[in-house]
Structures are given as C-alpha cells and as structure tokens.
Amino acid sequence: MNRITALLVLLLTWMPSGDVFSQSQMHREGNADVQSFDSEWRFRRFGLQADGSQMPEPAGLEQSGLDDHQWTQLDLPHDWAIAGPFRIELSGNTGKLPWKGIGWYRKKFVVDTKDAGRRIFLDFDGAMAYAKIWVNGKYVGTWPYGYSSFRMDITPFLNFGKDNTVAVRLDTESWDSRWYPGAGLYRHVWLVKTQPVHTAHWGTYITTDNISERQADVCLKVNIQNQGRKHMTSQVTTELFESPDGKNMGRKVAYFKPQSVQISPDSTRELSAHLTLSAPRLWTLETPAVYIARTTVNTPGMKPDIYNTVFGIRKLEFTHGKGFLLNGKRTEIKGVCLHHDLGSLGAAINTAALRRQLTIMKNMGCNAIRTSHNPPAPELLELADQMGLLVWDESFDAWKRGKRKNDYNKLFPEWHEKDLVAMVHRDRNHPAVIIWSIGNEVMDQQDVAITRELTDIVHREDPTRPVSNAYNDPDGGRASGAAACLDLMGVNYFFSKQPQWDNDERFKNKPTMGSETSSCVSSRGTYFFGTNYENYQVTSYDVAWPGWGCSPDEQFRINARYPHLLGEFVWTGFDYLGEPTPFNSDETNLLNFRTDSTKRKELEKALEEIRKKNPPSRSSYFGIVDLCGFPKDRFYSYQAHWRPDYPMAHIMPHWTWPGRKDSITPVHVYTSGDMAELFLNGESKGKKYKRPGEDFRLVWDSVVYQPGELRVVAYKNGKVWATDTMRTVGPRQKLLLLPETNTVKADGVDLCYIKLLVCDENNRMVPDASDNLNFSIEGPGEIVATDNGDATCLISFSSLVRPAYNGMAQVIIKAKKGAGGKIKVLAQTDTGLKKAETIINIK
Ligand code: GAL
C-alpha cells in the first residue's frame, strides 16, 4: 500500500459513518449530486388533440428563443391524457382516453459557473414515447421505448451561469399498445452532476455469494469513466453501510480495499473487488434488510465523486423438484401481475400511490409482483426492496413480429439490446428482483435465435438470476427448442396440461411457474343470479373468466397438485386502464388460441359482436381489487389461501335484496379456516368443510333469501377461528368520508385517499347506492382525482362530481407544497342525504 492509499484508508476508517459530504441521507440512488428536475416545465400538445381535432406542429419548438410563456406550466410527473375526456369512440383496449398526440415539454434552467468542468446529465426515468431531446436548440439524443430509463449527457450544450433551455418532444401517435400506456414525461427527471472522472451511469454491480448467517461474500464491480481531457490516476474506495430504510445510512460495516486506477480520456475502466462480510443481515420477505455501498472516486484536482448503491444479501435457488428457495427456505411465489398505471392518476408515477398499491397487495398475502409487460418505474423496485416483495422484471410485450402495427416490433432491430441492457443495469442491484423476463407471449416465442440472443444479453449483464419468457404456447416453445435457451419456463394459463408436461422429457428439469394465471373477471359489489354479465358488468361471485383463464380456486388446486411449480402471478392484482375483457375487442386475444381453432372461431365471433356494440368499458375487470383499490370479493379468496394463519372469513353476496324475498340466493364464503357454519337470522344453514387442496371456498347454494342477518362462523382445527356478518341495510340516509390516513405531508407528492360510503342511518353501506356526489375541499389542499371503481364510468377522473358505484366512491387529495394546518374535505348529494366532511391534518 503506498502512503496516499494508507492515509486514505485511515481517513475512511475514521470517518464517522454516514455524515461525510452530507451523505447521511441519499436523495436517490446513483451519483451523489442528483437534483430533482421535475418542477416548472412548460407543456403544449400538438398533433392529435384530446377532442380528436388536429393542431399542426410548427417547426422550431426546440429553439431556446421560442416564446413559450402561454404554454401550460406544470410539474412532472405528468400524463397528458389522464384528464381525458373519455371518448366513447376511442378504443376501450387503451382506456378510451385520448393518449395519442405529440407533446412538447420545455424548461429553463441555470447551471452555476462553479459547475463548469463537471459533467452534467439529465436522467429520465421514462418518457412516453419516442423521446427526442434538445438543449439550447441543439439536438442531444433520443430514446424511443417509453418504459426505459435513460441518461443524456448535456454538458457540451450548456451555457454555464446563463439561462439554458431543454426541449423534449414526445410522440405517442407512433406507438401502439394493448393497454393504456399513458403519455408524456410520466416519470421523474433528474439533473446529475459528476466530476469528469466518475462512477459511470448504473456503474456499480454488486453480487453476493456463499451466504450464511455467519458470513457472505460481497463482490463489487465498478465502472469508472473519464470524461475529462487528461489521462488520470484515481483512487476508488467503496464502503458498506447498513441502512434502516434504503435511504438513510446507518452503521458502517466494511469497506473494500481502495484501488488505484489509471484511465485515459474518453474511456471506462472496470474494477473488481471482493470482501467477506461477517454476520450479514439477510434480505428476507419478513425483514428486508438492505445495505448502501458508497463508492468514492478521488482524482487529483477534483472533488471526490460519490456514488451510492443499494443492495441486499439473499440467496436465490430455482429448482425443478423443490420449487423456489429464498435463503434456503421454500417460498411459494404468491404473485400478481401489475400494469404500470395508478388508476385515476394515470401513468404519472407517484410513490405514495404506488406504496398504497403494494401495501394492499401485501395485506392480501401477495409476496411478488410481475411488472407486466415492461420495465417499471424505479420506485417500484425501491419499494419492493424496502417492503420485502419479489419482482419478476419484464422487458417486452413484442419482439420482431408485433402484436400491433406500431408496437415494439418497430424498435426491436435497433433497440432491443440497448433497452434490455438499460433494464438489467438499472435494476440488477435490487435484492427484490429475482427473475428477468425477456418477453410476454411474444409472437416469435418459438424463435430460437432471438430467444438465445436475448437470454445471452441478460446472462452477460447479470448471470446471477434466471432468465424467463412468458409463453402462451409452451408446447410450441418446447418443440422449437426456444424454451431450452431459458433458465426458467414461464407459462401463461392452460395448466390443465401440467400432467402431460410432467411426463415430457423436454419439460423435465426446467423450473416452471405460472407467469400469468386465472384472469378471473368481476365488478366490485355486483352480483347476478343465473347470468354472469349484465350492462357491461360482471358478477362478483368469481365464476367468470375468458376461455384461456380459470377460477382462482382451480389455479390453487393445480398449485397444490404440482408443488414443484414455483408459484403463480395472477392476472391481475389491480384493475388497470384499458383491456376491458370480456368487453374488449382486441384481436390479440385470439393469440391465446393459437392451436385451438374451434375456440378461436368462437372468440372471433364474440369480438365481432363487441365491435358492433362498442361497450362503454374503459378499464379492466381482471383486478383482485378495483381501480380505486377497493377489494373485490376475490381479494378474500387470495387472502384466505395466501395467509392461512390470518383468521378471516368473508361472505358474499351482500344481504340487501328487496326484490329477492323467498328466492334462492347462493352464499359463498372465503375463509382461512377449514370449516364454517352459516346462520340466517340465527338459524343454521349447515356446516361446510373444505377438502384440503380441493376446496377454496365454501358454498351454500340453496339459501332462500330473507332479510335480516347472515352470519358465518369459521373454525380451524375444531376451534372458532373467524366470523363475518352481512345485514340487510335500511334506506340511504347519509354519506360517510373515511380517510385511509388522517395526515398528509405538504411535499407536493404525498396523497391522502378518502373512501366515500353511502350509508343507512346505522352507518352501514347501502350496497347498490349510486347517488350523484359532489366533492369539495377547503384549506391548503387540492382534489387530485375522484373515482368509483366502475369500469364503464366515462366521467373524467378530474371531475368533482360523480356517482357512487355500488355504494362507494373515492376522492384523492394532496396538500399544497409547503403548507401547514388542516384540510377539510366535503361530500354532498342533491338527493337529500346528510352530507359528510372529514379533516386531514398536514404533517
Ligand atoms: C394474456 C396477456 C395479458 C392480458 C391477459 C388477459 O394473454 O399476456 O397481457 O392480455 O392475457 O387475460
């Protein structure tokens, strides 16, 4: 060790942990000097307008001298289409929202003269779609795939100490999607400053090995980039800190031996280092411990360049015989697929909304998320790391052959490697990510060459996780040899074929999982008798699914019968915008019947019918919870099965049926118990028992409706375990506003979700109420959106007036940035019900 290095080591070892260079709290992972670049943009829409008219796009919109003061001023993240209006003539498949258009964003900014000599970058977490970027009128670059994160080096275009203008052009007219993609700068943008010699973008890669409770090997790779003009020798040190939450640094626990590196201008050098950490805190689903690695590059004549990496220590094993093991423990994957929209907020990322989504899923017992069918916002991975959720990280919905004219097939030839590398480099340090997916039901899933190429790219960038592909033609995938290129077989639906696959040599020894299962459809709080569909709603008895799907119960049966399967990802956790099956006319549905011509013909006819009728449906029915996040009955089916130790019982349907006196009204119960007895007005309707592995709901299908009280008592191992009661409610009398949290932060981001119930005089929700509601707010806050979970409701999410749907609605508010005090939220009807108000305190 030379003297300088020795001194440095001494210094670093003496450094009080976490408070050097103000790094005790990271703003964001990556380079230390990262500032939010979200505020005060100007926006204007050209091309297709929200009402369907055209606005010509003039030339020169990138010029710095352009007068944009009449453009709309806004902060990011921004989805230009979510306010609508919904237009009945637009396709339900993409949410009946006017997302196609050309969007221009412009922002003025100053970079201090003292930063001259540093490298200045703009990091885009995602831009929908076909982003082109200019600074001061000069073209910087492009990134077309709207779901990828990317970095633009703007250093050469800047005037330090003076006004600069960045202009971004987005084009969704050139993009096609099978669901609502959103539009605009819908994720965060960051201004990043580094020293000329610095840790490169996503330039660290940390892997762990030989993991036990006693110790773990931690391997580090760092890419150091010299963007200066001179040949340089830098000292590179990486220290490891515990982190209580993935943002704050705790105790320093170790450091890698400092290394000296010589780098010539315009080049990158990779360094490797290794250490053994004793008594590591493992990342588990129950206690998801993470560490922060702080890499410091010291170069003569430059300030230290610091780069933070969050990582976790956990062992993944994917076996054919014993399923998936996390830290040596068999862990059934109880997952859900999620599209990226946040319901009434659209595609615009909001951490509070996403945290709420994931919390609702976790409460149900879900332990894994599939980011169908694209790289997610980085926040999803940060939250998954912190909350202990596993992630199936997915790249594409199409390869070379598209499902739609202008989907990823247009980008594939030039961009697939860049997009795939961007996903893996950005996400590979996250302990939550356990599987890479190179595609979903792609048309070319039998193409051996492409499958091998994509798998090789991912293996090259991260050999520590399995690569998978989600097949809707697994037989074809096997027969062609394409599936043999993968580490793990993702199968969407058709699990009745499992016995056949189990006896097929080509399927042996390849871990398999349900990358997509069930696709059950329902409308929250809606029950039909003798039919499953009415008025573009679907019964909530959980008995309806498209031809390729099955009931949750059937999938549970399959999972129990074939325990070597790793688990499942249910389609879907939340309802999402677009794809309102069974009322969607999307031809790509036919792809699910590649080999079954009879079913294909039936579906072709059904799609034709739907097209003629043009249903009002604009969001999905697949969700286990509705678009507001309100649980449908199915939520309790999963909770009963996924959380067997959590005492719960849930009755469906509700018990207010004025027209059904003396009519047979089937009662179904989901419970984590093993047996239950049902009582109607105190009279037993009998006991029902679950056959293990066979029954996942208890059914009393000959109950004759009488108003009053329906009560279920569930037992487990002979003891009372849980109860649930449904009562016939009285007439509508009043409104109730029930905030999910009583406080909201005034950071311009935090949200407060408030549930509205239409109630009888005893505060019991009236299950079919559809009163028209008026929301208002007093104090330093604003209503961000309202919704009611009705997939056919074409009222804009920004409207303050909307009907309740099956007794419920939702209002989402936020506090004005920097404000204090209280916010009052009010709801009233013009139908004479007692109005409601609630107070939210600003934190
Ligand atoms: C699958 C597809 C999903 C969704 C689903 C609906 O085939 O991968 O994106 O369309 O069907 O059931």
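Residues numbered from 1 in each chain as written. Predicted model: local features only at pLDDT ≥ 70, side-chain atom pairs only at ≥ 80, totals over all residues. Heavy atoms only, no water.

Draft legend 1. A look at the overall build of the protein chain. For the protein chain, the count of helices and strands is 10 helices and 49 strands. By the compact-globule yardstick of 28 Å for 843 residues, the protein chain fits well, its C-alpha radius of gyration being 28 Å. When its C-alpha atoms are laid out on the principal axes, the protein chain stretches across 90 × 65 × 55 Å. Burial analysis of the protein chain (843 residues in total) assigns 62% to the buried set. (Helix = DSSP H or I, 4+ residues; strand = E, 2+ residues; numbered from the N terminus. Rg over C-alpha atoms; globule rule 2.2 N^0.38 Å. Buried < 20%, exposed > 50% of the residue type's maximum accessible area, 1.4 Å probe, protein only.)

Draft legend 2. Spotlight on the UniProt feature "domain: Glycosyl hydrolases family 2 sugar binding" (unreviewed entry) in the protein chain. According to UniProt, the "domain: Glycosyl hydrolases family 2 sugar binding" (unreviewed entry) feature falls on residues 100-193. Between the end C-alpha atoms of residues 100-193 the distance is 34 Å, and the span holds 0% helix and 47% strand. (UniProt positions renumbered as here; feature names shortened; annotations may be inferred.)

Draft legend 3. Structural view of the site of the ligand. Close to the ligand lie 13 residues; His373, Glu441, Glu516, Ser519 and Glu579 are nearest. For the ligand, an oxygen atom lies 2.6 Å from a polar atom in the side chain of His373. Glu441 is positioned with one of its side-chain polar atoms (N or O) 2.6 Å from an oxygen atom of the ligand. When the ligand sits alone it has 310 Å² of accessible area, and the protein chains cover 99% of it. Grouping the amino acids of the shell around the ligand by side-chain chemistry returns four nonpolar, five polar and four charged. (Near = heavy atom within 4 Å. Polar contact = N/O pair within 3.5 Å; in protein donor to acceptor, adjacent residues only side chain to side chain. Areas by Shrake-Rupley, 256 points an atom, 1.4 Å probe, with all protein chains shown as cover. Nonpolar A, V, L, I, M, F, W, Y, C, P; charged D, E, K, R; others polar.)

Draft legend 4. Representation of unusual backbone geometry within the structure. Going from Trp571 to Thr572, the amide bond is cis rather than trans, its omega being -5°. Here Thr572 is to be found in the loop between β33 (567-571) and α9 (597-613). Phi angles above zero are rare outside glycine, and Asp266 is one such case at about 55°. Mapped onto the secondary structure, Asp266 falls in the loop between β17 (259-263) and β18 (267-278). Using a relative accessible area of 70% as the deciding quantity, one classes Asp266 as exposed. The residue Asn806 is not glycine, and still its phi comes out positive at about 45°. Mapped onto the secondary structure, Asn806 falls in the loop between β46 (801-803) and β47 (808-815).

Draft legend 5. Main features of the pattern of salt bridges. Under the definition given, this model contains 44 salt bridges. Close ionic contact of Asp33 with Arg118 constitutes a salt bridge, the shortest N to O distance being 3.0 Å. Within this pair, whereas Asp33 is found in strand β2 (residues 33-36), its partner Arg118 is found in the loop between β6 (102-110) and β7 (119-124), the two being separated by 85 residues in sequence. The partly exposed category is assigned to Asp33, whose relative accessible area is 23%. Across the pair Arg178 and Glu579 runs a salt bridge, and its minimum N-O distance is 3.6 Å. Here Arg178 is found in the loop between β11 (163-171) and β12 (189-194), whereas its partner Glu579 is found in the loop between β33 and α9, with 401 residues between them in sequence. Residue Arg178 is classed as buried on the basis of its relative accessible area, which comes to 10%. (Salt bridge = Lys/Arg side-chain N within 4 Å of Asp/Glu carboxyl O.)

Draft legend 6. Looking closely at the nonpolar core. With 158 residues, the main nonpolar core has Tyr105, Ile154 and Val336 as its most contacted residues. The dominant element in this core, judged by the number of residues it contributes, is helix α4 (residues 412-427), at seven residues. Filtering out sequence-adjacent residues up to four positions away, Val336 remains in contact with Met361, Met364, Cys366, Ala368, Ile369, Arg370, Phe569, Val570, Gly573, Ile624 and Trp642. In terms of nonpolar packing, the next biggest core, distinct from the first, is built from 27 residues, Val744, Val766, Phe775 and Ala836 among them. (Core = buried A, V, L, I, M, F, W, Y, C linked by side-chain atoms within 4.5 Å. Contact = heavy atoms within 4.5 Å.)

Draft legend 7. Inspection of the packing of α4 against helix α5 (residues 448-461) at higher detail. It is at 9 Å that the axes of α4 and α5 come closest, and there the two elements cross at 35°. Helix-helix and strand crossings are classified by hand; for α4 and α5 the assignment is right-handed. Residues Phe412, His416, Glu417, Leu420, Val421, Val424 and His425 of α4 lie in contact with α5, whose contacting residues are Ile450, Glu453, Leu454, Ile457, Val458, Arg460 and Glu461. (Axes fitted to C-alpha atoms, helices over the stretch in contact; angles between N-to-C directions. Left-handed = near helix turned anticlockwise from the far one by under 90°.)

Draft legend 8. Molecular detail of the environment of Gly328. Among the secondary structure elements, Gly328 is positioned in the loop between β22 (324-326) and β23 (329-330). For Gly328, a relative accessible area of 47% gives the class partly exposed. In this structure, the C-alpha to C-alpha distance between Gly328 and Glu317, residues 11 residues apart in sequence, is 7.5 Å.

Draft legend 9. Fine view of the side chain of Asp444. Looking at where Asp444 falls in the secondary structure, it is placed in the loop between β27 (433-440) and α5. We note that Asp444 is buried and unpaired, the nearest opposite charge coming from Arg401 at a distance of 5.6 Å. With residues up to four places along the chain from it excluded, the contact list for Asp444 reads Trp399, Lys400, Arg401 and Ile450. (Lys, Arg positive; Asp, Glu negative; His and termini not counted.)

Draft legend 10. Layout of the sheet that holds β18. One open sheet holds the three strands; their spatial order is β13-β14-β18, and the pairing between them is antiparallel. The open sheet has two edge strands, β13 (197-209) and β18, and neither has a second partner. On average, each strand axis in the sheet is tilted by 15° relative to the strand beside it, whichever way the strands run. Note that strand β14 (residues 215-226) and β18 share 12 bridges and pair antiparallel. Bridge pairing links Leu220 to Ala273 in β18. (Pairing = 2+ DSSP bridges.)

Draft legend 11. Fine view of the pairing of strand β20 (residues 305-311). Among the seven residues of β20, seven are classified as buried, and the element is accordingly described as predominantly covered. Judged by which residues are buried, β20 turns out to be covered on both faces: Asp305, Tyr307, Thr309 and Phe311 on one side and Ile306, Asn308 and Val310 on the other are all buried. Note: strand β19 (residues 290-298) against β20, seven bridges, orientation antiparallel. Residue pairing across strands places Val297 opposite Asp305, the latter belonging to β20.

Draft legend 12. A look at helix α8 (residues 552-561). The set of residues buried in α8 consists of Pro552, Asp553, Gln555, Phe556, Ile558 and Asn559. Close packing links the buried residues of α8 with β30 (512-518), β33 and α10 (633-642).

Draft legend 13. Representation of helix α3 (residues 378-387). Of all 10 residues in α3, nine are buried; the element is thus mostly enclosed. If you check which residues of α3 are buried, you get Pro378, Glu379, Leu380, Leu381, Glu382, Leu383, Ala384, Asp385 and Met387.

Draft legend 14. Summary view of the packing of aromatic side chains. Scanning all chains against the criterion turns up 37 aromatic pairs. On the numbers, 5.3 Å between centres and 75° between planes, the contact of Phe86 with Phe797 is edge-to-face. With Phe86 in the loop between β5 (72-74) and β6 and Phe797 in the loop between β45 (781-787) and β46, the pair connects residues that are 711 residues apart, well separated along the chain. Residue classification places Phe797 among the buried positions, given a relative accessible area of 2%. (Phe/Tyr/Trp six-rings, centres within 6.5 Å; stacked < 30°, edge-to-face > 60°.)

Draft legend 15. View of the sheet that holds strand β24 (residues 333-337). Within the closed barrel, the eight strands sit side by side as β24-β25-β26-β27-β28-β29-β30-β33. Their pairing is parallel. The mean inter-strand angle of the sheet, taken between neighbouring strand axes irrespective of direction, is 25°. Taken together, the four bridges between strand β28 (residues 467-471) and strand β29 (residues 488-492) define a ladder with parallel strand orientation. Counterpart to Ala470 in the pairing with β29 is Gly490.

Draft legend 16. Structural view of the confidence of the model for the protein chain. Residues at a pLDDT of 70 or more form 97% of the protein chain, whose mean pLDDT is 95. Contacts from residues 1-23, a stretch scored under 50 in pLDDT, to residues over four places away or in other chains number 34 contacts. (pLDDT = per-residue confidence, 0-100.)

Draft legend 17. Examining the side chain of Asp397 more closely. Following the sequence through the fold, Asp397 ends up in the loop between β26 (390-394) and α4. Taking the relative accessible area as the measure of exposure, Asp397 reaches 10% and is therefore buried. Side chain to side chain, Asp397 and Arg178 meet in a polar contact 2.7 Å long. Within polar-contact distance, the side chain of Asp397 engages the side chain of Asn440 at 2.9 Å.

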